[in-house]
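Examination of the molecular architecture
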Amino acid sequence: MQLPLGIEVPIPTFEQFVFLQVALLTAVAGLAVVTSRNLFHSALALTLTFFGVAGVYVFLEAEFLAISQILVYIGAIAMLIAFAIMLTRSMMYGRTSLLNHQWGKSSLFAFLFFIGLLAFARATPWPEAGEPVIADEALISALGKEFVTTYVIAFEVLGLLLLLALVGAVMLARDR
Amino acid sequence: MVPLSWYLMLAAFLFSCGLYGALARRNAIAMLMGIELMLNAANINLVAFWRHGVGPMEDLTGQVFAVFIIGLAAAEAAVGLALIIAVYRERRTIDVEELDILAG
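Residues numbered from 1 in each chain as written. Chains lettered and ligands numbered in written order. Predicted model: local features only at pLDDT ≥ 70, side-chain atom pairs only at ≥ 80, totals over all residues.

Quick look at the overall build of chain B
Across its full length, chain B carries 3 helices and 0 strands. Walking chain B from its N terminus toward its C terminus, one meets helices and strands in the order α-α-α. Out of the 104 residues belonging to chain B, those deemed buried represent 57%. (Helix = DSSP H or I, 4+ residues; strand = E, 2+ residues; numbered from the N terminus. Buried ≥ 20, exposed ≤ 12 C-beta atoms within 10 Å, placed from the backbone.)

Comments concerning the overall build of chain A
Along chain A, the regular secondary structure elements total 6 helices and 0 strands. Ordered by position from N to C terminus, the α and β elements of chain A give α-α-α-α-α-α. When contacts within chain A are restricted to residue pairs at least 6 apart in sequence, long-range pairs at least 24 apart make up 49% of them. (Contact = placed C-beta atoms within 7 Å.)

Comments concerning the interface of chain A and chain B
Listed per partner, the contact involves 71 residues of chain A and 61 residues of chain B. Looking at the side of chain A that touches chain B, the elements that each hand over two or more residues are α1 (14–35), α2 (39–59), α3 (63–88), α4 (103–123), α5 (137–148) and α6 (152–173) of chain A. Per-element accounting of the side of chain A that touches chain B gives the leading share, 12 residues, to α3 of chain A.

So, α1 of chain A
Between its terminal C-alpha atoms α1 of chain A stretches 32 Å, which fits the 32 Å expected from 22 residues at 1.5 Å a residue. When α1 of chain A is considered as a whole, its buried residues turn out to be Phe-19, Ala-23, Thr-26, Ala-29, Gly-30, Val-33 and Val-34 of chain A. Projection of α1 of chain A onto a plane perpendicular to its axis shows the buried side chains occupying an angular sector of 135°, all on one side. Counted as exposed and oriented over 90 degrees from the buried face of α1 of chain A: Phe-14, Phe-17, Gln-21 and Leu-24 of chain A. In the core, the buried residues of α1 of chain A are packed alongside α2 of chain A together with α1 (4–24) and α2 (28–52) of chain B. (Expected span 1.5 Å × (residues − 1). Arc of directions from axis to C-beta.)

Some thoughts on unusual backbone geometry
A positive phi is found at Glu-61 of chain A, a non-glycine position, where the angle reads about 60°. The topology assignment puts Glu-61 of chain A in the loop between α2 and α3.

A look at the domain arrangement of chain A
The domain architecture assigned to chain A consists of domain 1 (1–93) and domain 2 (133–176). The distance between the C-alpha centroids of domain 1 of chain A and domain 2 of chain A comes to 24 Å. (Domains from an automatic or database assignment.)

What about α5 of chain A?
An ideal rise of 1.5 Å per residue puts 16 Å on 12 residues; α5 of chain A measures up with 17 Å between its terminal C-alpha atoms. With 0 of its 12 residues buried, α5 of chain A lies for the most part at the surface.

Observations concerning the environment of Ile-85 of chain A
Residue and element names in this part refer to chain A. As for its placement among the helices and strands, Ile-85 is situated in helix α3. Residue class for Ile-85 comes out buried when judged on the 23 C-beta atoms lying within 10 Å of it. Along the primary structure Ile-85 and Ala-43 are separated by 42 residues, whereas in three dimensions their C-alpha atoms are 8.6 Å apart.

Here's the deal with the packing of α6 of chain A against helix α3 (residues 61–91) of chain B
One can describe the packing of α6 of chain A onto α3 of chain B by two numbers: an axis separation of 8 Å at closest approach and a directional angle of 15°. What the angle tells us is that α6 of chain A and α3 of chain B run roughly parallel. Crossing handedness for the pair α6 of chain A and α3 of chain B: left-handed. Contacts between α6 of chain A and α3 of chain B involve Ala-154, Leu-158, Leu-161, Leu-162, Ala-165, Leu-166, Gly-168, Ala-169, Leu-172 and Ala-173 of chain A on the former and, on the latter, Phe-68, Gly-71, Ala-74, Ala-75, Ala-78, Val-79, Ala-82, Leu-83, Ile-85 and Ala-86 of chain B. (Axes fitted to C-alpha atoms, helices over the stretch in contact; angles between N-to-C directions. Parallel < 35°, antiparallel > 145°, perpendicular 65-115°, else oblique. Left-handed = near helix turned anticlockwise from the far one by under 90°.)

Let's talk about the nonpolar core
Membership of the largest hydrophobic core comes to 73 residues, with the highest contact counts inside it found for Ile-81 of chain A together with Ile-29 and Val-47 of chain B. Contacts of Ile-81 of chain A, omitting those with residues within four sequence positions, involve Ala-43 and Leu-46 of chain A together with Ile-29, Met-33 and Leu-81 of chain B. (Core = buried A, V, L, I, M, F, W, Y, C linked by C-beta atoms within 7 Å.)

Topic: the packing of α3 of chain A against α2 of chain B
Packing of α3 of chain A against α2 of chain B leaves a shortest axis separation of 11 Å and a crossing angle of 175°. Classified by the interaxial angle, the pair formed by α3 of chain A and α2 of chain B is roughly antiparallel. Where α3 of chain A approaches α2 of chain B, its residues Leu-65, Ile-77, Ile-81, Ala-84 and Ile-85 of chain A are matched on the opposing element by Ile-29, Met-33, Glu-36 and Val-47 of chain B.

Side note on the confidence of the model for chain B
Taken as a whole, chain B shows an average pLDDT of 89; of its residues, 99% reach a score of 70 or greater. Note on the complex model: pTM 0.89, ipTM 0.91. (pLDDT = per-residue confidence, 0-100.)

Some thoughts on the environment of Leu-60 of chain B
Inspection of the secondary structure assignment puts Leu-60 of chain B in the loop between α2 and α3. Classification of Leu-60 of chain B by C-beta neighbours within 10 Å gives buried; the count is 25. Once the C-alpha coordinates of Leu-60 of chain B and Gly-18 of chain B are considered, the two residues, 42 residues apart in sequence, prove to be 27 Å apart. Ignoring anything within four residues of it in the chain, the contact list for Leu-60 of chain B reads Ala-142, Leu-143 and Glu-146 of chain A.

Pasting the structure below:
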């Protein structure tokens, strides 16, 4: 595809076209999370971002992760955040600013960080396409086998950590 | 096939958004949301490198790491929000600029 200024733009395939839309949705929602003035709108945008990331996992043929993403992030974490916002009455209507005094430096730093990562991602010669993956039950059962063989200790420690974190959360938040 | 660099660029954007949110927002819950964005960006990178790496059908380490990060994010959100609620009970605010009892 030839643009007026002589810039050559490759025509995206259908898969790339759909990916671009999912990525755009994710990016816009992610930006809305940090720029929205209403904290509850931020939480809703965060939910949308989680959905977009689940879509990206589907493009990467990691279906188990896509489902986990929706179950854990949207089902648990986004819910928890929404409840915490409602419990703390922290919408901060009428505040002069939602940002702290270092927001200027922070935005500059985040922007430069983004430019740096972008330059790195574009400059490095990545492999053109990954090897073919058949995303079916065999892949998910292989993933499950990994958890109970190679990574069994890390898996058990993660389970213990989750248990301790939940007990600790109840202890911290309970009314004394 | 979507090129690897596209995933990396999306993840870089999400990570930078999260970094800005975690550094610049006044509200503790908004900071936590920034951290969640950064964790998601890291996860996209892990899975993208798994997909484009050598032998994705045999070596599932990238996906395993991503599952661990999802579990850790759940633990982090639970403890973080419990802390925020405890602080709110004590101080009636979760503005991180007013929470300076530990400052000398």
